[in-house]
Amino acid sequence: MKNFHSLCMVNGSWVRSSDEKTFEIANPATKAPLSSVPALTSSDVIMAVDNSAKAFETWKNMPARTRSDILISIANLLTERLEEFASTITSEQGKPLSEARGEVMYAAHYFRWFSEEAVRINGDIIPADSPTKRILVLKQPIGLVAAITPWNFPLAMLARKAAAALAAGCSFIAKPAPETPLTALALGGLALEAGLPAGVFNVVTGDAEMIGEIFMSSPLVKKVTFTGSTEVGKILIRKSAETVKKLTLELGGNAPFIVNEDADLEKAIEGAIYGKFRNAGQTCVCVNRFLVHKKVVEDFTTMLSARIDKLVVGNGLNPDSDVGPLISQEAHAKVSRLVEMAKQMGASIIPSACAIPNGSTFFTPTIVANVKPEMQIWHEEIFGPVCALATFSNDEEAITLANDTQYGLAAYIYSKDLSRAMVMSERLEFGMVGINDTAISSVQAPFGGIKQSGFGREGSKYGIDEYLVLKYLSVQM
């Protein structure tokens, strides 16, 4: 069995819980135990926060070029250990190895990207009203950053936050999802190996509510970045009021996939397969609602069904697998409930011919046709390999249906008429829109949503600003 990191990374050392308590991590495909990790006590976490805050004083004063070189070293080490990290991701999360390899490279790209941004944190000199006065604007690191990361991308979501925070000069403490802490712990060890000073990058595991409460209440934590559900995001917003803490929130999604009558259906099908079935449909920008023009819905459904039938569902460690398991039995039950409720309200269920392995968390890729806005599957994030399919007659109806959600993370449009697609995209109430494209995540692009999908942006030149504060100097000469 692979040797996983099984202790927390705190202040440059591997630590156990002070009461020796642990919790077990299992492979979602096989239920086989992988390792156990510490269930830190509240005093353990408070001490970790204190040490992280102290490390900030050292890290913020390091030259930007030094910080940049260390981030490059992290990127290089991730690339060198591609297979090791990919195996860890697949073992604890379930996604196919090919996707896990892509996630490792994606994470490495974030460290490389922000290593370059670290040396470009530029301020301004603004003309003053008086010839004897100068107005200077500085950008400075905000301080200790706490991150709460999800299980669906245990490395990429952590890297996207950590790389930007570290580049800005912030110290960093992360609480990974309890389902997938092993990847985060491995990154903690790698960061130390790459030359990060002790205490600058920390990983704590244990009770999520307790750790989150400490992060939100501590005056030492200056900023919290969270990827997860809208429900938890709202709790964090309320708790941030006590210390007026800065937040970046990437929350739930309900992405529409609009197929116009002039779309290239073959390209739309391939985009749909990637946008829906990557990570078994467990992504925040995953296609949730297919809106297909009435003139092409029959052809689209037939083609989509045929393409789905070719997918291989299985253990992610099997190199032939296209679709892995859902993360838990609870996740499987939720997806089953949404499909059954839609069926009871008149939707047509088109299961695929995919062979499903033994195991309670594998879900048959399914099309749910004739979906209506009054169905729960229309409004709730599915997070599973299920295509909820509705129809529209014109652009106005498509826009209205697409915007009929509290969420505003990602949306997709397929059309050969670029002008038409551009007009539609500008009317869509989403932070990101893919036109004839579902591979929208990129280190160069600002990732984030609007409405109840959160606020703030990650990645791109805008991402580092989330970890900086402005200071204005008025200088009388």
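Residues numbered from 1 in each chain as written. Predicted model: local features only at pLDDT ≥ 70, side-chain atom pairs only at ≥ 80, totals over all residues. Heavy atoms only, no water.

Asker: Explain the side chain of Arg 278 to me, please; I cannot follow it from the model alone.
Answerer: Within the secondary structure, Arg 278 sits in the loop between α9 (265-277) and β13 (287-293). Of the side chains bearing the opposite charge, Glu 99 lies closest to the buried Arg 278, which forms no salt bridge; the N-O distance is 5.9 Å. When near neighbours in sequence (up to four residues on either side) are disregarded, Arg 278 contacts Glu 99, Phe 153, Ile 273, Thr 283 and Val 285. (Helix = DSSP H or I, 4+ residues; strand = E, 2+ residues; numbered from the N terminus. Buried < 20%, exposed > 50% of the residue type's maximum accessible area, 1.4 Å probe, protein only. Lys, Arg positive; Asp, Glu negative; His and termini not counted. Salt bridge = Lys/Arg side-chain N within 4 Å of Asp/Glu carboxyl O. Contact = heavy atoms within 4.5 Å.)

Asker: Teacher, can you tell me more about the packing of aromatic side chains here?
Answerer: Here a ring pair, both rings aromatic, is described through the centre-centre distance and the interplanar angle of the planes. This model, assessed by the stated rule, comprises eight aromatic pairs. Taken together, a centroid distance of 4.9 Å and an interplanar angle of 65° make the contact between Tyr 106 and Tyr 110 edge-to-face. In this pair, Tyr 106 and Tyr 110 are both assigned in helix α4 (residues 97-117), four residues apart and thus about one turn of the helix distant. Judged by centre distance (6.4 Å) and plane angle (45°), the ring pair of Phe 257 and Tyr 412 falls under tilted. (Phe/Tyr/Trp six-rings, centres within 6.5 Å; stacked < 30°, edge-to-face > 60°.)

Asker: Where do I start with the nonpolar core in this structure?
Answerer: Most often, soluble globular proteins keep nonpolar side chains buried together rather than apart. Formed by 71 residues in total, the largest nonpolar core has its most connected members in Phe 257, Ile 258, Val 285, Phe 290, Phe 300, Leu 304 and Ile 377. Look past the residues within four positions of Ile 258 in its chain and what remains in contact with it is Leu 291, Phe 392, Ala 398, Ala 402, Tyr 412, Ile 413, Tyr 414, Met 424 and Leu 428. Phe 4, Ala 159, Ala 162 and Leu 182 belong to the second largest nonpolar core, which has 63 residues in total. (Core = buried A, V, L, I, M, F, W, Y, C linked by side-chain atoms within 4.5 Å.)

Asker: I would appreciate a short explanation of the sheet that holds β13 in the present structure.
Answerer: Each strand in a sheet pairs with another by means of backbone hydrogen bonds, the pair being arranged parallel or else antiparallel. Overall, mixed pairing links the seven strands, which are arranged β14-β15-β16-β13-β12-β18-β19 in an open sheet. Both outer strands of the open sheet, β14 (348-351) and β19 (432-435), are each paired with one neighbouring strand and no more. Between one strand and the next, the sheet's axes are offset by a mean angle of 20°, whatever the strand orientation. Its contacts with the sheet place α9 against β12 (255-259), β13, β16 (386-392) and β18 (410-414), and it is angled at close to 160° to β13. (Pairing = 2+ DSSP bridges. Axes fitted to C-alpha atoms, helices over the stretch in contact; angles between N-to-C directions.)

Asker: It is not clear to me how the environment of Leu 468 should be interpreted in this structure. Could you clarify?
Answerer: Examined against the element boundaries, Leu 468 turns out to sit in strand β22 (residues 468-476). Each C-alpha atom of the pair Leu 468 and Pro 141 lies 4.5 Å from the other, and the pair is 327 residues apart in sequence. In contact with Leu 468, not counting residues within four places along its chain, are Ile 121, Lys 139, Gln 140, Pro 141, Ile 142, Ala 168 and Lys 246.

Asker: I keep staring at helix α3 (residues 82-93) and nothing clicks. Help me out?
Answerer: Helical geometry note: an α-helix holds 3.6 residues per turn, so side chains three or four residues apart project in the same direction. Here α3 is twelve residues long and its end C-alpha atoms lie 16 Å apart, about the 16 Å a rise of 1.5 Å per residue gives. Every buried residue of α3 is accounted for by Leu 82, Phe 85, Ala 86, Thr 88, Ile 89, Thr 90, Ser 91, Glu 92 and Gln 93. Those residues of α3 that are buried lie in contact with β3 (22-26), β4 (33-38), α2 (64-80), α4 and α6 (182-193). Looking one or two residues past α3, Gly 94 carries a phi angle of roughly 105°, positive in sign. (Expected span 1.5 Å × (residues − 1).)

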